[in-house]
Amino acid sequence: MKLIIDSCSDLSLEHAREIDAEVLPLTIQIDDDSYTDQIEISSEEVLQTIKDGKRPMTSQPNPEKFVSIFEKYVKEQESILYIGFSSGLSGTFQSSMIARDTVLESYPDAEITLIDSHSASYGLGMIVERASSYIKQGDDDESIIAKVNADIEQIRHLFTVDDLNYLAEGGRLSKGSAFIGSLLNIKPLLHVEDGKLVPIEKHRGLKKVFKRMTELAKEEGAAGRGHIVHADAAKHAEDLKQQLLDNTGLDNIEISSIGPTISSHTGDGTIALFYFKKGH
């Protein structure tokens, strides 16, 4: 089974190669120029563009790109597993569905499984990493698909942003109007619900947001591995990591930067935590 992902998993291209996952990148548009996610533009360059007052736009791979990559492995008689960025946040998954149907017209016996992760950033990344491990340990296709769907049910996203208005204006935020305001130092706590970004609480200051993230991780029995991503907020990410190590069952927490596509929609100052809930 060949694992295919898109660049919204926020896995580095090097890490994707290590876990034998092929990445289909999204495209970032700045003024009249287009850039391929991670290949032609970095997260730092995207954030600088935003600081310069520009608004990066993103676009999903078109169905033809999916067709090309699907056909490549179908011709090699490999089954395909595509785990995609949440359909509630992008049209990428819709493109994959169109492509699958197109390929099946020419190769009706092709085995192409598409899974909507209902996840974003390293929430999707952690699901992908587990999927890779299932493939490498020799699980059959049916078992792999069942395990991935179970992982999707248990992945947790908790995050905060500096500017909620930026997310709302980009159309990526649900149930957000009541949270949008200009009160000094109010920080939102958000999660992903049914594949969409949803504000759940608001707190005065980052310390209180981190305390609440830590409380939720502990209440939900988070243990073992977690992952933190940030957009130009490395010091804050380290502070959150230490709180989690001191107060929860998470004992292996990695930190990385949010990828170019995701940072195009969140802006700088974003910090997100991902883990699997208890017993998973």
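What counts as what
Residues numbered from 1 in each chain as written. Predicted model: local features only at pLDDT ≥ 70, side-chain atom pairs only at ≥ 80, totals over all residues. Heavy atoms only, no water. Helix = DSSP H or I, 4+ residues; strand = E, 2+ residues; numbered from the N terminus. Rg over C-alpha atoms; globule rule 2.2 N^0.38 Å. Buried < 20%, exposed > 50% of the residue type's maximum accessible area, 1.4 Å probe, protein only. Contact = heavy atoms within 4.5 Å. Areas by Shrake-Rupley, 256 points an atom, 1.4 Å probe, with all protein chains shown as cover. Lys, Arg positive; Asp, Glu negative; His and termini not counted. Charge placed at Lys NZ, Arg CZ, Asp CG, Glu CD. Pairing = 2+ DSSP bridges. Axes fitted to C-alpha atoms, helices over the stretch in contact; angles between N-to-C directions. 1 Å grid on protein atoms, 1.4 Å probe; cavity = no way out; pocket = protein on both sides within 12 Å on 5 of 7 lines; lining within 4 Å. Points joined across faces, edges and corners; volume = space filled by probe spheres on them. Nonpolar A, V, L, I, M, F, W, Y, C, P; charged D, E, K, R; others polar. Domains from an automatic or database assignment. Expected span 1.5 Å × (residues − 1). Right-handed = clockwise from strand over helix to strand, strands pointing away. Salt bridge = Lys/Arg side-chain N within 4 Å of Asp/Glu carboxyl O. Phe/Tyr/Trp six-rings, centres within 6.5 Å; stacked < 30°, edge-to-face > 60°. Lys NZ or Arg CZ within 6 Å of the ring centre and 35° of its normal.

To continue, consider the overall build of the chain. Check the secondary structure of the chain and you find ten helices and 13 strands. Relative to a compact globule of 280 residues, whose C-alpha radius of gyration would be 19 Å, the chain shows 19 Å and is just as compact. Its C-alpha atoms give the chain principal-axis dimensions of about 60 × 45 × 30 Å. Expressed as a percentage of its 280 residues, the buried residues of the chain come to 51%. Sequence separation of at least 24 residues holds for 74% of the intrachain contacts in the chain that already meet a minimum separation of 6. Total accessible area on the chain stands at roughly 12800 Å², and carbon and sulfur atoms take up 45% of it. Here the chain holds 29 positive side-chain charges and 46 negative ones, and the gap between their average locations is 9 Å.

Moving on, we get to the sheet that holds strand β6 (residues 80–84). The four strands are arranged β2-β1-β6-β7 in an open sheet whose pairing can be described as parallel. Sheet topology places β2 (21–24) and β7 (112–116) at the edges, where each strand pairs with a single neighbour. Between one strand axis and the next, the sheet turns by 25° as a mean value, whatever way the strands run. Alignment of β6 against β7, held across five bridges, turns out to be parallel. Pairing of Ile80 across the sheet is with Ile112, part of β7. Along the sheet face, helix α5 (residues 121–136) touches β1 (2–6) and β6 and points at about 170° away from the line of β1. Of the strands in this sheet, β6 and β7 touch helix α6 (residues 141–154), which is tilted by about 10° from β7.

Glancing now at empty space enclosed by the protein. Following the criterion strictly, the structure yields one cavity of 30 Å³ or more and no others. When its volume is computed, the largest cavity comes out at roughly 210 Å³. As for the largest cavity, its lining consists of 18 residues, and the residues nearest its centre are Ala120, Ser121, Leu197, Ile262 and Thr266. For the lining of the largest cavity, the secondary-structure elements that each account for two or more residues are β8 (155–160), α10 (260–266) and β13 (271–276). Split by residue class, the lining of the largest cavity holds twelve nonpolar, five polar and one charged. Here the lining of the largest cavity spans two domains, since at least three of its residues come from each of domain 1 (2–153) and domain 2 (155–276).

Glancing now at helix α9 (residues 234–247). Between the first and last C-alpha of α9 there are 20 Å, a value that for 14 residues agrees with the 20 Å anticipated at 1.5 Å per step. Tucked into the core, α9 has its buried residues touching α8 (206–219), β11 (223–230), β12 (249–257) and β13.

Read across the open sheet, the three strands follow the order β4-β3-β5; overall the sheet is antiparallel. Edge strands, defined here as strands with exactly one partner in the open sheet, are β4 (33–36) and β5 (57–59). This sheet shows a mean twist of 30° between the axes of neighbouring strands, independent of strand direction.

With four of five residues buried, β7 lies mostly within the body of the structure. With respect to chirality, the unit in which β6 leads through helix α4 (residues 92–106) into the neighbouring parallel β7 is right-handed.

Another aspect to go through is the pattern of salt bridges. Tallied over the entire structure, the rule returns 15 salt bridges. Between Lys51 and Asp232 there is a salt bridge, with its nearest N and O atoms 2.8 Å apart. Of the two residues, Lys51 sits in helix α2 (residues 43–51) while Asp232 sits in the loop between β11 and α9, which places them 181 residues apart along the sequence. Taking the relative accessible area as the measure of exposure, Lys51 reaches 46% and is therefore partly exposed.

This structure, assessed with the given rule, holds three aromatic pairs. Ring plane angle 55° and centroid distance 5.7 Å describe the contact between Phe66 and Phe70, whose orientation is recorded as tilted. Taken together, the residues Phe66 and Phe70, both in helix α3 (residues 63–75) and four residues apart, mark about one turn of the helix. Take Phe66: its relative accessible area is 0%, and that puts it in the buried class. An angle of 20° between the planes, with centres 6.3 Å apart, marks the rings of Tyr82 and Phe93 as stacked. Placement of Tyr82 in strand β6 and of Phe93 in helix α4 is noted, with a sequence separation of eleven residues between them. A residue is classified by how much of its surface remains accessible, and Phe93, at 9% relative accessible area, is buried. Ring pairing ties together the aromatic residues Phe66, Phe70, Tyr82 and Phe93, which thus form one cluster. It is Arg130 that lies over the ring of Phe276; its NZ or CZ is 3.7 Å from the centre.

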